[in-house]
Amino acid sequence: MEEKIRVLIAKPGLDGHDRGAKLVARILRDAGMEVIYSGLRQTPEMIAEAAMQEDVQVVGLSILSGAHLEVFPAILGQLKEKGLGNVVVVAGGIIPEEDVPEVEKMGIAAIFGPGALSQEIVESIKKAVAKKAN
């Protein structure tokens, strides 16, 4: 029996809009993944702590505030500090096209903008998890 992928969906920063994050959580759940939604206004420390406590393989960050270049490195740093450098991190929301190369360089495995297809999200996560496992 194949082990289910465990995913933490997190809303970092002060952004109070979580409709997209909840939709992605449902999409991943319906695809057979175990999904934990951490709620709104999470700090990098809170996200890393939840990832550790929930023993997840993937952290999905949903951000609409424009603070991704500041927040993502802080989250990645906290994950590494807690020994979770092997966790796949993906991001969705409003990330300008010109920022995508920098976000990818940080180590974000996949970036999903508005209108991303459900199957694209699911397959990208499965692929990234399989790649980390090898």
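Rules behind the numbers
Residues numbered from 1 in each chain as written. Predicted model: local features only at pLDDT ≥ 70, side-chain atom pairs only at ≥ 80, totals over all residues. Heavy atoms only, no water. Axes fitted to C-alpha atoms, helices over the stretch in contact; angles between N-to-C directions. Helix = DSSP H or I, 4+ residues; strand = E, 2+ residues; numbered from the N terminus. Parallel < 35°, antiparallel > 145°, perpendicular 65-115°, else oblique. Left-handed = near helix turned anticlockwise from the far one by under 90°. Contact = heavy atoms within 4.5 Å. Core = buried A, V, L, I, M, F, W, Y, C linked by side-chain atoms within 4.5 Å. Buried < 20%, exposed > 50% of the residue type's maximum accessible area, 1.4 Å probe, protein only. Pairing = 2+ DSSP bridges. Right-handed = clockwise from strand over helix to strand, strands pointing away.

Where helix α2 (residues 44-54) contacts helix α3 (residues 68-81), the axes come no closer than 8 Å and their chain directions differ by 40°. The angle between the axes of α2 and α3 places the two elements in the oblique class. Of the two possible hands of crossing, α2 and α3 adopt the one that is right-handed. In this structure, α2 uses P44, E45, I47, A48 and A51 to contact α3, whose residues at the interface are A74, I75, Q78 and L79.

The next point concerns the nonpolar core. Ranked by size, the top nonpolar core spans 25 residues in total, and within it L8, V59, L61, F72 and L79 carry the most contacts. Those elements that place two or more of their residues in this core are β1 (6-10), α2, β3 (58-63), α3, β4 (88-93) and α4 (100-106). If one sorts the elements of this core by residue count, α3 sits on top with 5 residues. Apart from the residues lying within four places of it in its own chain, the contact partners of L79 are A48, A51, V59, L84, G85 and V89.

Turning next to the pairing of β1. Burial of β1 is extensive: 4 of the 5 residues sit out of reach of the surface. In this sheet, strand β2 (residues 34-37) lies alongside β1 in parallel orientation, the contact comprising 4 bridges. Residue pairing for β2: R6 is matched across the bridge by E34. Each parallel crossover has a hand, and for β1 linked through helix α1 (residues 19-30) to β2 it is right-handed. As paired strands, β1 and β3 are joined by 4 bridges and run parallel to one another. The partner of A10 across the bridge, within β3, is L61.

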